[in-house]
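# Chain and residue survey
Residues per chain, in single letters:
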Amino acid sequence: MDIQYSIQDNRINVLFDRASDSKKDQQLRIEALISFQQIIENEKHLLEPGLFQIICGFLKDSMFEIREWTIDFLEYTFTTCGLNRSLLKDSLGKIIPTVGYTVSFEESTNIVKKAILWNAGVYPLIYERVCENAYDAEQLWSTSTSIKSQIMRYFDSPGTKQGIKICAVKYLQSVIKVQSRHVHDSQVVPQNDISLALCPPSHPILNPLMLEKEAIAIINGLYNLFDKESSIVITAIINALGPVFRSRPQYIYPLIKIVKKWKHNPPDHLPETPLKSAKKAIKIQLTSLLRIPVFESSSFANEIFDSILILGGKNDPMKFPRQYRRLLQQKDGMEDGTRQKVYGAQGSSMLPIDPTQFALPFVVDVIHLALQSIPQERLNQAKQALQQREARLAALRTLPTPPPTNKQERRSRKTLDPRLEFVREATPKSPSPPPVVMTEDEMTLIKTESSNSTQSEDSTIKPEFSPPNLYDDDMEIDDAATVDIEVPQDQQMDVLETENKVDSIPEPEPQPLPPPVPSFKFQPYALPSPETLSDDQCHSFIRNALKNILEIDAMLSPDAKGKRSDVVLTTLSNGKRMSKNQLHMMASRLLTRGLDLSSEKSKKTCDELREMIIQYILEDFKNRTDFALTWFDEEWYHDSIMLSEDPSYKPNYVIWLNRLLDRIMPTLEDRIFFTQFLLNVPELQEDIVDRIKIFLNDPDRMSLGFYTISELINQRPPSRPFCMKILLAYCLHKDIRTRGSAISTANKWFPDHPTIGPNIESFALQSIKQLCDECPPPLFDYHYHVDSVNDPKMIEDENELMKWNNNDVERHLDLFLSICSKKSELFDQLLSIYVKTPESMQMLIRKNAPKMVETVGINGLLNLFLTFPEGAEDFVLKMLVVYTNKQVTPPAQLVNTAKSVIMERNLEGRFLFPIIAFFEKGEIIRNLPKVINTLDATDKQRDIVKKVFLKILTPPPNGTAPITPSELLVSLHQMDKAGISLKQSVEG
């Protein structure tokens, strides 16, 4: 395909020519586009609007890979490449129409999803482009609007896949943000926010009011989907609205209403688990909003907080911001009746007030009103108390501070009652004794005595007893928070006497301490070394463990058996969950890896355990298939490891799989479970597949055998060669019913399958080529031999069948004729083989002419007359006779073709026998001498000519005979004029 591109770079022209040529190999076209993308990645300046238009043309290509590459390239250039925004805006008009076609008519779900996501990314760019220049953007906005309508229609279509709906939600998120007004309290910087603020009020194309109404309708429509969509789509909607809430907080109120509605009326279409998933998604989004500083002081913060509690947020209080945890505790306290304090006058839902958020004039007005509500007398008393306290504190600062005594130290630990302050100030304090001055000799003497006393009394411990602090109190009084209160004189004296009594209490005698506890050093803890078990103990342990596992599996309820393998059965003491699949895995690994197989005794024990597993599976094969598959997976894996280490290792997988099959196949009737079992085992060898002959030879279970063979050929390519070998061999089976079933199975893949179809054709051609041999080939061994010993009866049958007979020829022709019905040109191969065979074989082949006529039909018969090779005249004549005998009146085309071929090739008169009755009267008289010339004085030939005359004289059902008997008799008397001998004329 020659296309002239207006691109300066010749490399791009060459690559586009190669990629757009549908006659080239698909891989070459893909590689050309990949090379183009590599050029663009290194030279981004080559991109221009015209180039984008050419690239978008590939979105209508017939190849899925090229369409997918195109949408991926657009995604790269508009999101990752970092191109200039002005270039992208100018290119939108070239791209949007083609992408809109993809969104509406593309068959591939993956490409539709990518196209929707690309539209979600460029929608703000489209809006910005239309706002900036309205004069040449009307078509662009119209196309974008139609794409928007198509994407929204996906939610109304019942056949829309969930993946497309999720991508459509992402697109609508972008539409809502663009078609909404910017809120000053949001997280988005106004300069970076593409909103309705960009659109002038008098824009000729865009109406801001209508766009905002559409955005509100879209978000309400998304909320309405909560009542009919699945939890996956609902979760996608919630996650998509999270960024919308941060930039457009005005849309949070409908979600809060939905949460409150769900508290009493949850949606009926969602089961319990999906509903929990949807609620969890809403709770996560609302909790994340509370962590944003902008939302902490917003007017709807209380409602968000209450909605989170409705969704179960109080079950995990640590996920709340710190300022909300105390409020959550107060809510819990009020609900439980354990707290009587009410947080604020507005109830428990009121949040802590931050005065810094209020304007200064408002705060001054509030303070002024509060002061007006306090009586003047109380204000004067408070003012006088503050003045007196300041005077006392100033006097105390001027006095010298004496060194504290022991009693004063104890008192200084806690502040006393403030009523006693003035009493202490009025009472004179006793002077402290002067410090004692000691010389160096006296100090040395004291140290020596102290050392001797310590050595002599080392064994006696006399602990120093500290009397309890009588001034310790649980209620501390802070000086900064105390208030001076005037106390009457009589109360002051009572307080002073009480303090003196407390000071005069004698110190208690020291009491002996309990004996000291001997110290010890912690040592690192280590487990003792494991006890070594004998072989008998190991065998007994594994046998008992395996029995317990089998008993647990057998005791499962019928409901648990029918569930998937990963259903949780129980929770262990360490918190881990035990599933049915893990139970099977444990038993299988105990069996394959639990014992050391170095001794014969261990091998014997393993075989006994495997036999126990076989018996357990046979008890209920239908419900224990998963167990069997898990076991054989482990056996196969263990064999592969052992064979890599020791090539002489004897694998167990094949042995025990064959034993299981030998026991279940004689009585198995359910073809689904058996076929699925063979499809899921890790490996199929020829000996395993060979056992399917048991089913194929049983007339009652033949369908099970061919169904299994068919599924194995379809779904297990590694085992396809020996499965095809069995199937094609049964296409030559002596039994007609068995052979027919095999041929019907083989015809499923001919001629469409790229690998199986040629194999079937090759086998069919080989089977008819064997007709040229003197003796038929040996029969295939259709019986399965357990010990690979040939069946004596089969050997006798092979000795008997040393010559070709009609059954043998029919066996070799049936498969070939069945594929000829689908591929008529193969029939020429039979003619080329026919002329090479001896006369006896040709006679046997001609006996199958009725089947051949049914196979080729009228068109094949016409082609056969025109193209048959020399030596195949008898074959063609037999086909013509069979066809005309079946039809009351053969088609005129066949009669005319036969006449022309007989004349061109000057064929014998016997070729006129099938069709001369359908000639005109003149043609019959003209060709009658050729018919008489075939008489050879034999009774057989006389009977044939007699039948031809009867056929000529017999009138058709709705007409008259072409010639009367008298006219025929006159023509016979005039045979001498045509050069026919008198003897043949008389015989005629």
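A few points on the structure. (Residues numbered from 1 in each chain as written. Predicted model: local features only at pLDDT ≥ 70, side-chain atom pairs only at ≥ 80, totals over all residues. Heavy atoms only, no water.)

Right, let's get into the layout of surface pockets. Estimated volume of the second largest pocket: approximately 730 Å³. As for the second largest pocket, its lining consists of 20 residues, and the residues nearest its centre are L877, V881, F913, K940 and I944. Of all the secondary structure elements, the ones that give two or more residues to the lining of the second largest pocket are α38 (839-846), α40 (873-886) and α43 (939-953). Looking at side-chain class alone, the lining of the second largest pocket contains seven nonpolar, four polar and nine charged residues. (1 Å grid on protein atoms, 1.4 Å probe; cavity = no way out; pocket = protein on both sides within 12 Å on 5 of 7 lines; lining within 4 Å. Points joined across faces, edges and corners; volume = space filled by probe spheres on them. Helix = DSSP H or I, 4+ residues; strand = E, 2+ residues; numbered from the N terminus. Nonpolar A, V, L, I, M, F, W, Y, C, P; charged D, E, K, R; others polar.)

Among the structural elements, R691 can be located in the loop between α29 (686-689) and α30 (693-696). By relative accessible area, R691 is classed as buried at 3%. Of the polar contacts made by the side chain of R691, one reaches the backbone oxygen of D687; its length is 3.1 Å. Sequence-distant contacts of R691, defined by excluding residues within four places in its chain, comprise N658, L661, D662, M665 and Y784. (Buried < 20%, exposed > 50% of the residue type's maximum accessible area, 1.4 Å probe, protein only. Polar contact = N/O pair within 3.5 Å; in protein donor to acceptor, adjacent residues only side chain to side chain. Contact = heavy atoms within 4.5 Å.)

Now for the environment of A278. Note on placement: A278 falls in helix α12 (residues 272-290). Overall, A278 belongs to the buried group, its relative accessible area being 0%. Distance from A278 to F226, taken between C-alpha atoms, is 9.3 Å for residues 52 residues apart in sequence. Beyond its immediate stretch of four places on either side in the chain, A278 contacts I234, T235, I238 and W262.

Counted under the stated rule, the structure contains 24 aromatic pairs. For the pair Y834 and F875, a centre-to-centre distance of 5.0 Å together with 50 degrees between the ring planes defines the contact as tilted. Taken together, the residues span a long stretch of sequence, with Y834 in helix α37 (residues 827-834) and F875 in helix α40 at a distance of 41 residues. Accessibility expressed as a relative area gives 0% for Y834, which makes it buried. An aromatic cluster of three or more residues is present, and its members are F16, F36, F58, W69, F73 and Y76. The ring of W656 carries the charged tip of R659 above its face, separated from the ring centre by 4.2 Å. Seen from the ring of F919, K899 lies directly overhead, with NZ or CZ sitting 5.0 Å from the centre. (Phe/Tyr/Trp six-rings, centres within 6.5 Å; stacked < 30°, edge-to-face > 60°. Lys NZ or Arg CZ within 6 Å of the ring centre and 35° of its normal.)

Here is a general trend for soluble globular proteins: nonpolar side chains tend to be buried in one another's company. In this structure, F677, F827, F875 and M879 are the most contacted members of the largest nonpolar core, which totals 129 residues. Excluding its chain neighbours within four sequence positions, the residues that come into contact with F875 are F827, L830, L831, Y834, I845, R846, M852 and L864. Ranked by size, the runner-up nonpolar core spans 103 residues in total, among them I12, L46, A168 and L172. (Core = buried A, V, L, I, M, F, W, Y, C linked by side-chain atoms within 4.5 Å.)

Another point: unusual backbone geometry. Among all residues save glycine, negative phi is the norm, and among peptide bonds the norm is trans. The peptide bond linking F750 to P751 adopts the cis configuration, its omega dihedral lying at 0 degrees. Relative to the elements of secondary structure, P751 occurs in the loop between α33 (736-746) and α34 (756-769). Although it is not a glycine, N906 sits at a positive phi angle of roughly 55 degrees. Tracing the chain through its elements places N906 in the loop between α41 (892-905) and α42 (921-932). On the basis of relative accessibility, which here comes to 61%, the residue N906 falls in the exposed class.

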